[in-house]
Amino acid sequence: AQIENTDVAIIGAGPAGAAAAAWLARKGLRVHVIERTQFPRFSIGESLLPQCMVHLENCGLLEAATAGGFQVKNGAAFTWRGSDTAIDFRDKFSPGPGTTWQVERADFDQRLIEGAVAAGASVEFDTRVEDFHADPVAPRLTLVDAQGHSRQLQARFVLDASGYGRVLSRLAGLSKASTLESRCALFTHIEDRIDCSDYDREKILIGLHPQHAGVWYWLIPFSNGRASVGVVASQEALQAAGADDESRLWHFIGQEPRLAALLARATPVRDTGRLEGYSADVTSLHGPGFALLGNAGEFLDPVFSSGVTIALDSALRAAPLVERQLHGDSVDWQTEFEQPLRRGVATFREFVEAWYDGRLPRIIFSANQPPRIRQLISSVLAGYAWDLANPLVAASKRRLDALAASVTESSVPAAQQPDT
Ligand code: FAD
């Protein structure tokens, strides 16, 4: 059979794939996106960070996304042992937007990929990438459609944006275990029916379990009266909490007083979903004729909603390099792509570690924190994790250690009696 060809083949039509496709198509390159599912499709990852808005603008997709009328988000609220605090992204150290959205990904992702098509990319749904032949100038993919028909697509460069599919990580033998502990998430969408004057729909609400360290919740309201709710814990803790995932999720929600009160009248509108062992890494984010974007490369942890931000950041770093390379320039993918991308990911990793070992909850909940410290934290949580002018980016571990050490016990919410 004849081998089809294109300039850039992109595996996956999620945010990373759509952003890279839009940017490259606007430069006049032939871009073909291959997507395993039929859109719209459900995806987890619904709370964005303000840094995303810069990337959406840079690939020309901001208008398409804005048309979705999504719930505005201006920060993150936290609840722990009856204490409430919040970080406002508009009050931050780094320059850049201070608001973003909370989105149902089925709709958001569809709008982005339609925007990429409007920019000139082609997309093929219901088709999966099954095999890969690496080559510095003519990498080749084997595509299989819903009827089981197989064909070859030759590109001049391949971007893997396959998310949890991790296509090239598997096929090119790049998989590497994450240094982060394996955890499990249970989640659903609800008709939330929240009727509470001090509840702020413009913030994600993160709850910490009153007794079990490392167990936490998200509540992400959408603009249509629905919300996403989920719990993250060890697999063992979740298994012990009920007979099925729905009862396990609601058992945990019942243990956090603020969430339990807010969601007293909520009703689920989809089955409880489960994702586990999602943290993953690769030995390299690039190879001859290809690069890995977003979750197809490294994924850390959901706690700071950094996934889509990193996905878009990687796409907007890779796309201009692909264009240069296809115009005959030599590109050093290690120093121009992997190292700078990993710099911001490393900031998030330090924050994730500090979240689970208790340093960050202590810092966030400590009373009487200087506004300047709050602004530095706000910047990272707003996604400006690459801004080296921020001391919490330039020396994350040392600064977080020092901040946590300076918090006095009396300014942190105390544990209550464990429930029986
Ligand atoms: P995806 O959005 O996963 O897109 C990849 C696409 O590739 C999919 O459409 C898939 O069908 C397709 N694909 C896969 N295999 C193939 C194949 N073989 N051939 C063709 N196509 C293929 N991030 C946030 O920003 N905010 C959050 O609040 C948040 N919450 C999260 C909660 C949990 C519990 C978890 C686990 C993650 C969360 N994330 C969050 C992370 C977020 O889900 C991802 O980081 C984000 O979706 C990554 O985007 P992507 O474009 O890399 O991949």
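Coordinates for the structure precede this section.
An account of the accompanying structure is given in this report. Owing to the predicted nature of the structure, the values given are computational and were not obtained by experimental measurement.

Rules of the game
Residue indices begin from 1 for each chain and proceed along its sequence in written order. Thresholds applied to this predicted model are a pLDDT of at least 70 for local features of residues and 80 or more for the giving and counting of side-chain atom pairs; totals over whole chains, interfaces and linings are not thresholded and use all residues. To get the side-chain values, take all heavy atoms of the structure and skip hydrogens and water. Secondary structure is summarised from DSSP: a helix means a run of H or I of at least four residues, a strand means a run of E of at least two, and numbering begins at the N terminus for each. Computation of the radius of gyration draws on C-alpha atoms, with the globule rule given as 2.2 Å multiplied by the number of residues to the power 0.38. Residues are treated as being in contact if the distance between any of their heavy atoms lies within 4.5 Å. Each accessible area is a Shrake-Rupley estimate made with a 1.4 Å probe; only the visible protein chains count as cover when residues are assessed. Only four residue types enter the tally: Lys and Arg on the positive side, Asp and Glu on the negative side, with His and both chain ends excluded. A charge is said to be at NZ when it belongs to Lys, at CZ for Arg, at CG for Asp and at CD for Glu. The criterion for a residue being near a molecule or strand is simple. One of its heavy atoms has to lie within 4 Å of it. Under the rule applied, a polar contact is a pair of N or O atoms within 3.5 Å (in protein, one hydrogen donor and one hydrogen acceptor; residues adjacent in sequence only if both atoms are side-chain atoms). Residues are said to line a cavity or pocket when one of their atoms sits within 4 Å of a point; the points come from a 1 Å grid over protein atoms alone, cavities being sets where a 1.4 Å probe fits but cannot get out and pockets being open sets with protein on both sides within 12 Å along at least five of seven lines. Grid points are joined across faces, edges and corners, and a volume is the space filled by probe spheres set on the points. Residues are grouped as follows: nonpolar covers Ala, Val, Leu, Ile, Met, Phe, Trp, Tyr, Cys and Pro; charged covers Asp, Glu, Lys and Arg; every other residue, Gly included, is treated as polar. Burial classes: relative accessible area under 20% of the type maximum marks a residue as buried, over 50% as exposed, and values in between as partly exposed (1.4 Å probe, protein chains only). Aromatic contacts are taken between Phe, Tyr and Trp rings whose centres are within 6.5 Å, Trp giving its six-membered ring; a plane angle under 30 degrees counts as stacked, one over 60 as edge-to-face, and the others as tilted. Lysine and arginine charges are scored as sitting over a ring when NZ or CZ, respectively, is within 6 Å of the ring centre and within 35 degrees of the ring normal. What makes a salt bridge here is a side-chain nitrogen of Lys or Arg within 4 Å of a carboxyl oxygen of Asp or Glu, nothing more. For helices, the fitted axis covers only the stretch in contact; all axes are lines through C-alpha atoms, and the angles between them, taken along N-to-C directions, range from 0 to 180 degrees. Reported orientations rely on four angle classes, namely roughly parallel under 35 degrees, roughly antiparallel over 145, roughly perpendicular from 65 to 115, and oblique for the rest. Less than a right angle of anticlockwise turn of the near helix away from the far helix marks a crossing as left-handed, whereas a clockwise turn marks it as right-handed. The set of buried Ala, Val, Leu, Ile, Met, Phe, Trp, Tyr and Cys residues whose side-chain atoms join them within 4.5 Å is what this entry labels a nonpolar core.

**A few points about the overall build of the protein chain**
Here's step 1: When its secondary structure is counted, the protein chain shows 14 helices and 22 strands.
Here's step 2: Taking 22 Å as the expected radius of gyration for a compact globule of 420 residues, we find that the protein chain reaches 21 Å, a close match to that expectation.
Here's step 3: If you take every contact in the protein chain between residues at least 6 apart in sequence, the share linking residues at least 24 apart comes to 73%.
Here's step 4: Carbon and sulfur atoms make up 49% of the accessible area of the protein chain, which amounts to about 16600 Å² in all.
Here's step 5: Side-chain charges in the protein chain split into 40 positive and 50 negative, and the spacing between the mean points of these groups amounts to 3 Å.

**Topic: the site of the ligand**
Here's step 1: Lining the immediate surroundings of the ligand are 37 residues, of which Glu-35, Ile-44, Ser-47, Asn-295 and Val-308 lie closest.
Here's step 2: The contact in question runs from an oxygen atom of the ligand to an N or O atom on the backbone of Pro-15, over 3.3 Å.
Here's step 3: The separation between an oxygen atom of the ligand and a polar main-chain atom of Ser-305 is 3.2 Å.
Here's step 4: In isolation the ligand has 1000 Å² of accessible area, and contact with the protein removes 96% of it.
Here's step 5: Elements supplying a minimum of two residues to the shell around the ligand: helix H1 (15-26), strand S9 (127-133), strand S16 (216-221) and helix H9 (307-326).

**Considerations on the layout of surface pockets**
Here's step 1: Of the volumes computed, that of the second largest pocket is approximately 260 Å³.
Here's step 2: What lines the second largest pocket is a set of 20 residues, among which Trp-80, Leu-208, Ala-213, Gly-358 and Pro-361 lie closest to the centre.
Here's step 3: At the level of secondary structure, the elements contributing two or more residues to the lining of the second largest pocket comprise helix H10 (333-356) and helix H11 (359-365).
Here's step 4: Across the lining of the second largest pocket, the residue classes break down as 11 nonpolar, five polar and four charged.

**Remarks on helix H12 (residues 371-381)**
Here's step 1: With eight of 11 residues buried, H12 is to be regarded as a mostly interior element.
Here's step 2: Regarding H12, the residues found buried are Ile-373, Arg-374, Leu-376, Ile-377, Ser-378, Ser-379, Val-380 and Leu-381.
Here's step 3: Close packing links the buried residues of H12 with strand S5 (75-80), strand S6 (83-88), H10, H11, helix H13 (391-394) and helix H14 (396-406).
Here's step 4: In the segment just after H12, Gly-383 is the residue with positive phi, at about 105°.

**Describing the packing of aromatic side chains**
Here's step 1: Counting across every chain of the model gives 16 aromatic pairs.
Here's step 2: For the pair Phe-304 and Trp-355, a centre-to-centre distance of 5.8 Å together with 80° between the ring planes defines the contact as edge-to-face. You can see Phe-304 sitting in the loop between strand S22 (290-292) and H9 and its partner Trp-355 sitting in helix H10, a full 51 residues away along the chain.
Here's step 3: Owing to a relative accessible area of 6%, Phe-304 belongs among the buried residues under this scheme.
Here's step 4: Following the ring pairs from residue to residue traces out a cluster consisting of Phe-42, Phe-187, Trp-216 and Trp-218.
Here's step 5: The side chain of Arg-270 reaches across the aromatic face of Phe-42, ending 3.7 Å from its centre.

**A short note on the pattern of salt bridges**
Oppositely charged side chains are able to pair whenever their charged atoms sit close together.
Here's step 1: Tallying each qualifying case throughout the model produces 29 salt bridges.
Here's step 2: Note that Arg-183 and Glu-181 form a salt bridge whose closest N and O atoms lie 3.9 Å from each other.
Here's step 3: Glu-181 sits in the exposed class, given a relative accessible area of 56%.
Here's step 4: Linked by salt bridges that have partners in common, Lys-176, Asp-281, Glu-298, Glu-338, Arg-342 and Arg-349 make up one network.

**Here's the deal with the packing of H10 against H14**
Here's step 1: Close contact between H10 and H14 brings their axes to 9 Å; oriented N to C, the two are set at 30°. The angle between H10 and H14 places the two elements in the roughly parallel class. Crossing hand, H10 versus H14: right-handed. Residues Thr-347, Glu-350, Phe-351 and Ala-354 of H10 form the contact with H14, whose participating residues are Ser-396, Lys-397 and Leu-400.

**Description of the nonpolar core**
Here's step 1: Val-31, Leu-159, Trp-218 and Trp-355 are the most contacted members of the largest nonpolar core, which totals 119 residues.
Here's step 2: A per-element tally of this core places H9 first, with 11 residues.
Here's step 3: Setting aside residues no more than four positions away along its own chain, Val-31 makes contact with Thr-6, Val-8, Ile-10, Ala-21, Leu-24, Ala-25, Ala-121 and Ser-122.
Here's step 4: Ala-77, Cys-184, Ala-227 and Leu-259 belong to the second largest nonpolar core, which has 23 residues in total.

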